[in-house]
There are 2 protein chains.
Amino acid sequence: MSISMMPSPRFLRIARGEEPADLALRDARVINVLSGEIYRSDVMIADGRVVALGDGYEAREERDLGGRYLTPGLIDGHMHLESTMLTLGQFARAVVPHGTTTVLLDPHEFANVLGLAGIYYVLDAARGVPLNAYVMLSSCVPASPLESPRQPLQAGDLLPLLDHPGVRGLAEMMDVPGVLRGDFDVLAKIEATRRRGLAVDGHAPGMDGHALNAYVAAGIGSDHENTTVEEAREKLRLGLWLMVRDGSTTRNLGTLLPLLAELRPSRALFVTDDRDPVDLTTRGHIDAMVRRALEYGLDPIEVIRLASYNAAQYFGLRDCGAIAPGYRADLLVVSDLRAFTIDAVYKDGRLVAEHGGPLFDASHDLAGLEGMMGTIHSAPLTLENLRLPGHTGPALVVGVEVGQVTTRRLVEEVTARDGYIVTEPARDLLKLAVVERHNHTGRVGLGLVKGFGLRRGAIASSVAHDAHNLVAAGASDEDILAAIAALREIGGGFVVVAGGAVLATVALPIAGLVSPLPVEELAARLQALDEAAAALGCTLEHPFMTLSFLSLSVIPALKLTDRGLVDVAAARLVPLQ
Amino acid sequence: MSISMMPSPRFLRIARGEEPADLALRDARVINVLSGEIYRSDVMIADGRVVALGDGYEAREERDLGGRYLTPGLIDGHMHLESTMLTLGQFARAVVPHGTTTVLLDPHEFANVLGLAGIYYVLDAARGVPLNAYVMLSSCVPASPLESPRQPLQAGDLLPLLDHPGVRGLAEMMDVPGVLRGDFDVLAKIEATRRRGLAVDGHAPGMDGHALNAYVAAGIGSDHENTTVEEAREKLRLGLWLMVRDGSTTRNLGTLLPLLAELRPSRALFVTDDRDPVDLTTRGHIDAMVRRALEYGLDPIEVIRLASYNAAQYFGLRDCGAIAPGYRADLLVVSDLRAFTIDAVYKDGRLVAEHGGPLFDASHDLAGLEGMMGTIHSAPLTLENLRLPGHTGPALVVGVEVGQVTTRRLVEEVTARDGYIVTEPARDLLKLAVVERHNHTGRVGLGLVKGFGLRRGAIASSVAHDAHNLVAAGASDEDILAAIAALREIGGGFVVVAGGAVLATVALPIAGLVSPLPVEELAARLQALDEAAAALGCTLEHPFMTLSFLSLSVIPALKLTDRGLVDVAAARLVPLQ
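Residues numbered from 1 in each chain as written. Chains lettered and ligands numbered in written order. Predicted model: local features only at pLDDT ≥ 70, side-chain atom pairs only at ≥ 80, totals over all residues. Heavy atoms only, no water.

## Considering the overall build of chain A
Argument step 1. Helices and strands together make up the secondary structure of chain A, namely 17 helices and 30 strands.
Argument step 2. The globule rule puts the C-alpha radius of gyration for 577 residues at 25 Å, and the 25 Å found for chain A is close to it.
Argument step 3. Considered along the principal axes of its C-alpha atoms, chain A spans approximately 90 × 50 × 45 Å.
Argument step 4. Taking the contacts inside chain A whose residues are at least 6 apart along the sequence as the reference set, 69% of them involve residues at least 24 apart.
Argument step 5. Total accessible area on chain A is roughly 18600 Å²; 51% of this is exposed by carbon and sulfur atoms.
Argument step 6. With 52 positive and 71 negative side-chain charges, chain A shows a separation of 2 Å between the mean positions of the two kinds. (Helix = DSSP H or I, 4+ residues; strand = E, 2+ residues; numbered from the N terminus. Rg over C-alpha atoms; globule rule 2.2 N^0.38 Å. Contact = heavy atoms within 4.5 Å. Areas by Shrake-Rupley, 256 points an atom, 1.4 Å probe, with all protein chains shown as cover. Lys, Arg positive; Asp, Glu negative; His and termini not counted. Charge placed at Lys NZ, Arg CZ, Asp CG, Glu CD.)

## Details of the relation of the copies chain A and chain B
One copy of the chain maps onto the second through a rotation about an axis and a displacement along it.
Argument step 1. Superposition of chain A onto chain B requires a rotation of 180° combined with a translation of 0.0 Å along the rotation axis, giving an RMSD of 0.1 Å. Such a combination of rotation and displacement between the chain copies is what one expects of a two-fold axis. (Least-squares fit on C-alpha atoms with pLDDT ≥ 70 in both.)

## Remarks on the environment of Pro107 of chain B
Residues and elements named next belong to chain B.
Argument step 1. Relative to the elements of secondary structure, Pro107 occurs in the loop between strand E7 (100–105) and helix H4 (108–114).
Argument step 2. As a C-alpha pair, Pro107 and Ala268 span 161 residues in sequence and 23 Å in three-dimensional space.
Argument step 3. When sequence neighbours within four positions are dropped, the list of residues in contact with Pro107 reads Glu82, Gly118, Ile119, Val122, Val135, Met136 and Ser138.

## Digging into the interface of chain A and chain B
Argument step 1. Tallying the contact residues gives 55 residues for chain A and 57 residues for chain B.
Argument step 2. Around 4600 Å² of area is buried between chain A and chain B when both sides are counted, 55% of it from carbon and sulfur atoms.
Argument step 3. Here chain A and chain B share 4 salt bridges between them.
Argument step 4. Here chain A is connected to chain B by 23 residue pairs in polar contact (both at pLDDT 80 or more). (Buried area = accessible area lost by both parts, 1.4 Å probe. Salt bridge = Lys/Arg side-chain N within 4 Å of Asp/Glu carboxyl O. Polar contact = N/O pair within 3.5 Å; in protein donor to acceptor, adjacent residues only side chain to side chain.)

## Describing the pattern of salt bridges
Argument step 1. Using the criterion set out here, one finds 85 salt bridges over all chains in the structure.
Argument step 2. We note a salt bridge from Glu412 of chain B to Lys450 of chain B, for which the minimum N-O separation is 3.6 Å. Of the two residues, Glu412 of chain B is situated in strand E19 (residues 407–414) and Lys450 of chain B in strand E23 (residues 444–450); the sequence distance between them amounts to 38 residues.
Argument step 3. What emerges from the salt-bridge pattern is a single network uniting Arg49, Asp319, Arg328, Asp330, Lys347 and Asp348 of chain A.

## Here we look at the pairing of strand E25 (residues 470–474) of chain B
Residue and element names in this part refer to chain B.
Argument step 1. Most of E25 is tucked away, with 5 of its 5 residues classed as buried.
Argument step 2. Neither face of E25 is open: one carries Leu470, Ala472 and Gly474, the other Val471 and Ala473, and all of them are buried.
Argument step 3. In terms of strand pairing, strand E22 (residues 429–435) meets E25 through 5 bridges, oriented antiparallel. Looking at the pairing, Leu432 lines up with Ala473 of E25.
Argument step 4. The sheet contact formed by strand E24 (residues 458–461) and E25 spans 4 bridges and is antiparallel. Across the sheet, Ala460 pairs through a bridge with Ala472, a residue of E25. (Buried < 20%, exposed > 50% of the residue type's maximum accessible area, 1.4 Å probe, protein only. Pairing = 2+ DSSP bridges.)

## Description of the packing of aromatic side chains
Argument step 1. In this structure the tally under the stated criterion is 8 aromatic pairs over all chains.
Argument step 2. Ring plane angle 70° and centroid distance 4.6 Å describe the contact between Tyr314 of chain B and Phe315 of chain B, whose orientation is recorded as edge-to-face.
Argument step 3. The interplanar angle of 50° and the centroid separation of 4.9 Å between the aromatic rings of Phe494 of chain B and Phe544 of chain B together place this pair among those described as tilted. Remark: Phe544 of chain B occurs in helix H17 (residues 543–549) and Phe494 of chain B occurs in strand E26 (residues 493–498); sequence separation between them is 50 residues. For the pair Phe494 of chain B and Phe544 of chain B, a shared accessibility class is recorded, and that class is buried.
Argument step 4. In this structure an aromatic cluster arises from ring pairing among Trp241, Tyr314 and Phe315 of chain A. (Phe/Tyr/Trp six-rings, centres within 6.5 Å; stacked < 30°, edge-to-face > 60°.)

## Here we look at unusual backbone geometry
Argument step 1. Across the junction of Val141 of chain B and Pro142 of chain B, the peptide omega takes the value 5°, indicating a cis bond.
Argument step 2. Tracing the sequence through the fold places Pro142 of chain B in the loop between strand E8 (132–137) and helix H6 (155–158).
Argument step 3. Across the junction of His465 of chain B and Asp466 of chain B, the peptide omega takes the value -20°, indicating a cis bond.
Argument step 4. With respect to the helices, strands and loops of the structure, Asp466 of chain B is situated in the loop between E24 and E25.
Argument step 5. Notably, Asp348 of chain A is not glycine yet its phi reads approximately 50°, a positive angle.
Argument step 6. Within the secondary structure, Asp348 of chain A sits in the loop between strand E15 (342–347) and strand E16 (350–354).

## Brief notes about the confidence of the model for chain A
Argument step 1. Mean pLDDT over chain A stands at 95; residues scoring 70 or higher make up 99%.
Argument step 2. Both scores are given for the predicted complex: the pTM is 0.94, the ipTM 0.93. (pLDDT = per-residue confidence, 0-100.)

## Let's talk about the packing of helix H11 (residues 253–263) of chain B against helix H13 (residues 286–296) of chain B
Residue and element names in this part refer to chain B.
Argument step 1. Following both chains from N to C, one finds H11 and H13 inclined at 55°, their axes separated by 11 Å at the closest point. In terms of their interaxial angle, H11 and H13 are classed as oblique. The crossing of H11 and H13 is right-handed. Of the residues in H13, those touching H11 at Leu253, Gly254, Leu257, Pro258 and Ala261 are Met289, Arg292, Ala293 and Tyr296.
Argument step 2. Within the contact of H11 with H13, the residues separate by chemical class into 7 nonpolar, 1 polar and 1 charged. (Axes fitted to C-alpha atoms, helices over the stretch in contact; angles between N-to-C directions. Parallel < 35°, antiparallel > 145°, perpendicular 65-115°, else oblique. Left-handed = near helix turned anticlockwise from the far one by under 90°. Nonpolar A, V, L, I, M, F, W, Y, C, P; charged D, E, K, R; others polar.)

## A few points about the environment of Arg305 of chain A
Residues and elements named next belong to chain A.
Argument step 1. Mapped onto the secondary structure, Arg305 falls in helix H14 (residues 300–315).
Argument step 2. Taking the relative accessible area as the measure of exposure, Arg305 reaches 15% and is therefore buried.
Argument step 3. Taking the C-alpha atoms as reference, Arg305 lies 8.7 Å from Ala322; in sequence the two are 17 residues apart.
Argument step 4. Those residues in contact with Arg305 that lie beyond four places of it in its chain are Val33, Leu34, Ser35, Gly36 and Asn310.

## Some words on the sheet that holds strand E28 (residues 558–561) of chain A
Residue and element names in this part refer to chain A.
Argument step 1. Strands sit in the order E28-E29-E30 across an open sheet of 3 strands; the sheet is antiparallel. The sheet is open, and its two edges are formed by E28 and strand E30 (572–573), each paired on a single side.
Argument step 2. Judged from the 4 bridges that link them, E28 and strand E29 (residues 564–567) form a sheet pairing that is antiparallel. Its bridge partner lying in E29, Thr561 is registered against Gly564.

## Describing the sheet that holds strand E12 (residues 241–245) of chain B
Residue and element names in this part refer to chain B.
Argument step 1. Taken in spatial order, the 8 strands make up an open sheet running E6-E7-E8-E9-E10-E11-E12-E13, and their pairing is parallel. Each edge of the open sheet is held by one strand with a lone partner, namely strand E6 (74–79) and strand E13 (268–271).
Argument step 2. One ladder, built from 3 bridges, connects strand E9 (residues 167–173) with strand E10 (residues 199–202); its direction is parallel. What sits directly across from Met173, in E10, is Gly202.
Argument step 3. Packed onto the sheet, helix H8 (residues 184–195) meets E9 and E10 and runs at close to 150° relative to E9.

## Here's the deal with helix H11 (residues 253–263) of chain A
Argument step 1. Listed in full, the buried residues belonging to H11 of chain A are Leu253, Leu256, Leu257, Leu259, Leu260 and Leu263 of chain A.
Argument step 2. Packing partners of the buried residues in H11 of chain A comprise helix H10 (229–237), strand E12 (241–245), strand E13 (268–271), helix H13 (286–296) and H14 of chain A together with strand E2 (37–46) of chain B.
Argument step 3. Looking one or two residues past H11 of chain A, Arg264 of chain A carries a phi angle of roughly 45°, positive in sign.

## Details of the pairing of strand E1 (residues 21–32) of chain A
All names here are of chain A.
Argument step 1. Among the 12 residues of E1, 9 are classified as buried, and the element is accordingly described as predominantly covered.
Argument step 2. As paired strands, E1 and strand E4 (residues 59–64) are joined by 5 bridges and run parallel to one another. Within the sheet, the bridge partner assigned to Leu23 lies in E4 and is Glu61.
Argument step 3. Note that E1 and strand E2 (residues 37–46) share 8 bridges and pair antiparallel. If you follow Leu23 over to E2, its bridge partner there is Ile45.
Argument step 4. Here 2 bridges tie E1 to strand E5 (residues 69–72), and the two strands are oriented parallel to one another.

Here you go:
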């Protein structure tokens, strides 16, 4: 990933025109984000970098672009690799053909499961892919004290990593109360990051006024949680860089395009946050945002800045995001600018993708992954552990919201038999269970959930934000038990079970989060999985996405962790009845 | 100068609205360079920083701006304090009322006279002024091997200073051949600077094409030598930040305004480079550039960005150049935006100037200056030392160009008597002498000069770029000798002498470059000095400015140093005849 900053004497001789370059891209229509112009020029490459623009240069290898556009490679300023369920190698194969050459990864799912080892996996794997994969250090593991990761990450664990060349800062600071109160630990983490000239990303959905002033005053530098123009405008005004997000579930680009057109902000950039494999194969990545913004009518140079240069500025990546001497030769050949048709992708001066397909494999991928397998460390589970004591009468129920990561806090009449509450699939009242899986504690959180529509069977997942314990929803305890057992069998992933039989699985053996498969195969299996759930009556389009967020204790309103039911607003456990 | 980055708990309580701020600027019309908007808001200040914008805050001290504009303090991105001939304290008194709150100083004149001590003077003095005075380390002392400073500054002298918090990078890299050749020492200096995230300023007048590509490829980040739109455009395209200069002699703003209007570059900023005291009192400082750009019709937000925010971005000054929580409260109250009338200046939240006048003195100034006095270390000089051997016939003559720092290489018929060439004031043919003054070497360079118009007498200066030996031009050897003696007498400065009598002096006892006087007094004396020279027949408006550049061996065409006549293009000494 890293190339030396100091130019070689040969590099300078090439720039002076005294020696041939490695590669000439002739007659490019350069999208120059530095001057804000588009013009025709030759672009010369040596040592993996742009060495010169202009006329009168020779090269060992020639490619005539015939007036096609040349843009800097695209940058995703905030994303979680784990949401793609791909190894870094397979992820690169999926997105590099879409023009992404730099990503800022917050590996906080890995970090919940594996601690620092999860962060080091990404830093090490980054060496083997044609992608600048930088890490933002996960600032909040666990997301709250009500969650149970493998082990908490302390400030002291993270600080030495700030000096790693692959680290560009501190990831989304979700501990908003800690920031606003000015907790010393939190401020020290921010300060240590800023002192090194690195970025501190924020996470402040809906925040405004006095709280927002305090959040910014504490040293936060950006936010990707912007759901209205007014929210985004206030954040820009107060100094936060605006990360315009277009994830698979949470999509803000459409909402924010009018603001981008109005203000043409230099302090805005594109991010995807969470993109699932199906979405990656059907819509693409940052290129999809570029297309959308171009269709809306934004100036092409502005759009390319939003998708490359601006992010490089925010993260201090001084050799990314533009086409000029000394910059990395991360370049896209684009034949139709409006349609943003990417004919070819160069990474560090090498042709790595053409016409939508990668020209590299992911063979480096499995090295270093051994330590990330076999991460389901749960105690033996019996039907007894799944019984939910209670009485007939009103009870709290987690209310699923279609296509959202939030839930509603429902109160429903429930029925008990022999002192235990029963599920009522006919009323869409299922049992929800979260089984601790990191440290053999045997801890199981139990509750009720409404909204999946399962008539029978159970579904279960080892993707369960943010601590990634095992989560299951089912019509019967027997099928929940079978589903959890099936999860253990495959080393983590997703399962659909009914009548004791496993109907569909997607194995995610890497940390229980990630598959070794290529994106197309994985996407196909996920679609088959969703179909199996639908066959059991499930009414949600993406039930596993929904399931995986039911344990996230920092997103409203009612959630379940291995410790019990969580009232998010109150930030505490609450009894079912 | 430095304030801690980490917010105090109190600072955050104020931001949250739970405690009163130190100062409220009510009903400001905020020029928000971050969002690109102008809107009305209260601006709250605590601990010397902006703590919040918006409503519902209380403060211990109130000031109602009544809808007047509030802009960030202005930044001069490249200048030499020594050109102002003021101490840092007096300079602050001169420019802070004009709205300048941050300057990037290249102390290379001090460094030629005093070595590292000259750089430390600026770093230390910066603590005592209401001005962010950052240092760019002088990259080329001496400017060439043909000049004789007190001692050369090696890379090894400079590198430790890169970690000083007051240092922001490496100043104008004038050793262009060294950069283009890729000299290891030069590249190592650049690399060490860039590795620390600091800036490397360039100096590449007229450079283009292959040479410019190589200059940028070597790691240079900016240039202030842009005399045409096409030159500036190519530099922007290739990745150099465009420093738009408006000095006292070299003025490029007018030329470059059309480019600024066309491209609205985010990578452009205002600099003054060299401003003399008269200019400072009559025209002002960066505010004069703001006015000029506004008159031209540039968008006010763009203009303020050019004069503040953009420079902060280039230099990585993350808490300067904008009005938002956590930024330094360096603020200008402006009543008429188009005329850019600055009513008041706040520095670190304190009112430091009002209606054009400073509210602070320069009493800190003289501390630390003792070591900078008494710097004329020249050997005894006699008439014998000033005799110029030669014969009647053609000889090289330095041809002064009005208002320029360049000279012409003239060949004139000269007359010799007894083996020595004589001056011919009637033909405007004067003697030019450069007397080594740092190390008692007794070295004297002698030549002839045309263009001053002196009919009798002599003028002499200890300001003589870049090595600052003593330079004199005169109609007679006796008056040159008297002028050099007078310079020694006053510890350096400027003198006008005729018939052995000293007619006018301006003492610059600090390093022989700087006066302890306030700018108005100094400007008045300089005008009296020019008048004294005019009374002797001098036809130049600013003869001492011209005189001071006759020894600069890196600006075309024919110059004189203590080592002899310099053919600048050939970079070597040449004989007179």
